[in-house]
Amino acid sequence: MKMPALPVITADQFTTENLSELATQVWRWMRDHPRLSVIALLLAAKKIKKQLTFPPKNMVLEISLDRIELMESPVQPLLKKLYGTKTCFVHLLNTIEAAEQDSRIKAIILHPGGAMNPSMLDELRCALKSFREKSGKPVICYTNTFGEASFGLFGYWLATACSAIVVPPCASVNVTSLQSAAIFFKKMLDKVGIEAALSQRSGFKTAANLFTQHEMTPEHRQQLESILDDILVKIKADLADRDGTADWGEVLENGPYDSARAADAKLVDEVMYYSDLMQDYLPNLVGVDKDKLKVRSVAAYQAFAKPLYGDGSLWEKVTKPRPKVAVLFAEGQISQGSSKEGYENGGPSIGSDTVCAQLRKLRADKSVKGVVFRVSSPGGSYVASDVIHHELKQLAKKNIPIIVSVGGVAASGGYYLSIPAAKIIATDCSIVGSIGVVNGKMVVKSLLDNVGVTSDLVKRGSNSGYFSALEGFDGKNRDRLEKMTDFIYDDFKSHVAEDRSLTLGDVENLAQGQVYLGKRGLEKKLIDSIGGWREALDAMAEQTGASSRHQMHVQRFPPPLSLQALITMSPPKNRDEADEALIAAAPSAFSVALSFFPSISALSTYFAGNAEGRALHAEHIPNFY
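Let us look at the structure shown here. (Residues numbered from 1 in each chain as written. Predicted model: local features only at pLDDT ≥ 70, side-chain atom pairs only at ≥ 80, totals over all residues. Heavy atoms only, no water.)

## Regarding the overall build of the protein
Step number 1: Along the backbone of the protein there are 26 helices and 22 strands.
Step number 2: Among the 625 residues that make up the protein, the fraction classed as buried is 50%.
Step number 3: Counting only contacts in the protein whose residues sit at least 6 apart along the sequence, the fraction spanning at least 24 positions is 76%.
Step number 4: Total accessible area on the protein is roughly 29600 Å²; 54% of this is exposed by carbon and sulfur atoms. (Helix = DSSP H or I, 4+ residues; strand = E, 2+ residues; numbered from the N terminus. Buried < 20%, exposed > 50% of the residue type's maximum accessible area, 1.4 Å probe, protein only. Contact = heavy atoms within 4.5 Å. Areas by Shrake-Rupley, 256 points an atom, 1.4 Å probe, with all protein chains shown as cover.)

## A short note on the environment of Arg104
Step number 1: Along the polypeptide, Arg104 turns up in the loop between helix 3 (89-100) and strand 4 (105-111).
Step number 2: The exposure class of Arg104 is partly exposed, given its relative accessible area of 24%.
Step number 3: Linking Arg104 and Pro55, residues 49 residues apart in sequence, is a C-alpha distance of 8.4 Å.
Step number 4: Setting aside residues up to four positions removed in sequence, Arg104 forms contacts with Pro55, Pro56, Lys57, Asn58, Met59 and Phe304.
Step number 5: Engagement of the side chain of Arg104 in a polar contact is seen with the backbone oxygen of Phe304, the distance being 3.2 Å. (Polar contact = N/O pair within 3.5 Å; in protein donor to acceptor, adjacent residues only side chain to side chain.)

## Looking at the pattern of salt bridges
Step number 1: Taken as a whole and assessed by the stated rule, the structure comprises 29 salt bridges.
Step number 2: Between Lys234 and Asp122 there is a salt bridge; the shortest N-O distance is 3.4 Å. Taken together, the positions of Lys234 in helix 8 (residues 218-242) and Asp122 in helix 4 (residues 118-135) put the pair 112 residues apart, joining distant regions of the chain.
Step number 3: The class for Asp122 is buried, based on a relative accessible area of 4%.
Step number 4: Two residues, Glu123 and Arg374, come together in a salt bridge whose shortest N-O distance is 3.1 Å. Taken together, the positions of Glu123 in helix 4 and Arg374 in strand 15 (residues 368-377) put the pair 251 residues apart, joining distant regions of the chain.
Step number 5: For Arg374, a relative accessible area of 1% puts it in the buried group.
Step number 6: One network of salt bridges, with partners in common, ties together Glu97, Glu100, Arg534, Asp538 and Arg549. (Salt bridge = Lys/Arg side-chain N within 4 Å of Asp/Glu carboxyl O.)

## Some points on the packing of aromatic side chains
Step number 1: Per the counting criterion, the structure on display carries 10 aromatic pairs.
Step number 2: Arranged with centres 5.5 Å apart and planes meeting at 85°, the rings of Phe146 and Tyr156 form a pair that is edge-to-face. Here Phe146, found in the loop between strand 5 (139-142) and helix 5 (153-159), pairs with Tyr156, found in helix 5; they are 10 residues apart in sequence, far enough to count as distant. Taken as a pair, Phe146 and Tyr156 share a single burial class, namely buried.
Step number 3: Relative to Trp248, the ring of Tyr156 has its centre 6.5 Å away and its plane inclined at 40°; by these criteria the two rings are tilted. Within this pair, whereas Tyr156 is found in helix 5, its partner Trp248 is found in helix 9 (residues 248-253), the two being separated by 92 residues in sequence.
Step number 4: A network of ring pairs unites the aromatic residues Phe146, Tyr156 and Trp248 as a single cluster. (Phe/Tyr/Trp six-rings, centres within 6.5 Å; stacked < 30°, edge-to-face > 60°.)

## Description of the sheet that holds strand 4
Step number 1: With parallel pairing, the six strands of this open sheet are ordered in space as 10-6-5-4-1-11. Each end of this open sheet is capped by a strand with a single partner; those strands are strand 10 (270-271) and strand 11 (294-297).
Step number 2: Note: strand 1 (residues 59-64) against strand 4, six bridges, orientation parallel. From the neighbouring strand, Ser64 faces strand 4, where its bridge partner is His111. (Pairing = 2+ DSSP bridges.)

## Observations concerning helix 3
One full turn of an α-helix is made of 3.6 residues, so residues set three or four places apart face in the same direction.
Step number 1: In this model, helix 3 (12 residues) spans 17 Å end to end at C-alpha, consistent with the 16 Å of a helix rising 1.5 Å per residue.
Step number 2: In terms of burial, helix 3 is largely enclosed, as 12 of its 12 residues are buried.
Step number 3: For helix 3, every residue scored as buried is listed here: Phe89, Val90, His91, Leu92, Leu93, Asn94, Thr95, Ile96, Glu97, Ala98, Ala99 and Glu100. (Expected span 1.5 Å × (residues − 1).)

## So, the packing of helix 4 against helix 8
Step number 1: Helix 8 packs onto helix 4 with a crossing angle of 20° between their chain directions and a minimal axis gap of 12 Å. On the basis of the axis angle, helix 4 is roughly parallel to helix 8. Classified by chirality, the crossing of helix 8 by helix 4 is left-handed. Residues Pro118, Asp122, Arg125 and Lys129 of helix 4 pack against Ile231, Lys234, Asp238 and Asp241 of helix 8.
Step number 2: Grouping the constituent residues of the contact of helix 4 with helix 8 by class yields two nonpolar, no polar and six charged. (Axes fitted to C-alpha atoms, helices over the stretch in contact; angles between N-to-C directions. Parallel < 35°, antiparallel > 145°, perpendicular 65-115°, else oblique. Left-handed = near helix turned anticlockwise from the far one by under 90°. Nonpolar A, V, L, I, M, F, W, Y, C, P; charged D, E, K, R; others polar.)

## Looking at the pairing of strand 12 (residues 324-331)
Step number 1: Burial within strand 12 is extensive, with seven of its eight residues counted as buried.
Step number 2: By the bridge criterion, four bridges tie strand 12 to strand 22 (residues 553-556) in an arrangement that is parallel. Following the sheet pairing, Ala326 is matched in strand 22 by Gln555.
Step number 3: Alignment of strand 12 against strand 15, held across eight bridges, turns out to be parallel. Across the sheet, the residue bridging to Lys324 is Val368, located in strand 15.

## Comments concerning the environment of Ala196
Step number 1: Locating Ala196 in the fold gives a position in strand 8 (residues 195-201).
Step number 2: Between the alpha carbons of Ala196 and Asn209 there is a distance of 9.7 Å; along the sequence they are 13 residues apart.
Step number 3: Setting aside its immediate chain neighbours within four residues, Ala196 contacts Phe211, Thr212, Lys441 and Met442.

Shown next, in the form of structure tokens:
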């Protein structure tokens, strides 16, 4: 008997236009071949059963910072197969808190590494310390080295939040003091024939200096020294929690260290290889036989971690109603147009069209009782920042409280987005402020002349070359540039004064482009309190009347794209609908997602719930925030 051909669903066939036809084709095949259909379903069920696993009772949560790339914004679940190393920082914080309350988790193993800004390190330290103090369970830091021929202080700073620090004999502990370098391009631009025709407000707005100066101005040096001193004071205070008797200034001056010197100086607790750690040290520490102790990654554990902030189900809405809080992320440079999620090179960006559409939709949603706005942006377009600021003000006027949680930085336009909030909360190491402006253009006329490229002009009007890269600013156009710069600067300051209840004189004193770390920003009244993600949710609980942050239904907005949403997606009805919910990313997400499902058997694999698939579903659960 000849085996009937199975219908194959390929990625190029799997579109919204012919989905109904494909479903009909599959149904007809099953109807015409009932026995084979039963066999296929049984095989699929067997495969699902084989791949489904239940969480073991004795788990160690493994946080491998050296193998992931932390982002402020969540990763779209359907794209995680391609971009699996990208991990949402807030998800990581929530995973640690879930493990804190989970009796199945016996310990955490931390592998430091990767690129993390000081604010992330500070917030992650607090999460690890909370895990230790509230659960009584250990956190073990293991790394092959704290910097191999490279700077290792930041990784070590994070490690001091752990119960024990373990390194192998070959390790270096490269803890040294800090420096900050600024690279200036003025001489290079002069050599190649590029003029930086820029205007800045004011002396502390140092971005322009990189192109207009040969070295640090007094204001530039003063600002870097202040930030460096504040970070060093913070790090030394945290290191003193590990060993209050050590002179940490001297310890840093005597670095770097090999493993033996580090052990003698009590910088590390144990010197052993990872296999020895897992074979004897960790099982003895937690009192569980090594054969029964199961190590699980963050992604694998998220699949069965208990939701922290409700599940949004109908049962919960009826029996335990919770105020619904939307979480909106703003990460990267601010520009007009659509936001980018940053999966490819270039990183994420904040598009004013996207964010404004999302804010308008939130304003129209009567179920939303508050918005937590996670901001991590150094600034960007003034126009884009201003229109987003306006939509945030409109949201606040609807009595929907906004709490801003600052990530690594909320400076310039990033700070502009933050000021409409009822509360701005930043870590000790978040950078805030930079109330100032850089305006102008790069003039390349001499560069083109130097390489033999000539140009000619036909002009109408004295200001026709105002935006041209072929001519600089003459007297009148320079006046126009300065007036425009003053207008933007004055407008920025007036909004800060209004939203932060300050006088214009006070704002001018703390403006001029100056940046501050969190604690100084608090002293200058630029922020309202020191804290991170958890403290922002606590502040929102106060605003909504919830008894605690865990009594709110906290949901990412817009919700992540699901396979069902992609399949049933219809063309946007208008400009707002095109921008909101990251619809701009949907076509690429659709094609990527469907490349995982070339056949019916592949679909069964996806839904079976293997480690990666369960982790993907876990991130899709909106309440996991």
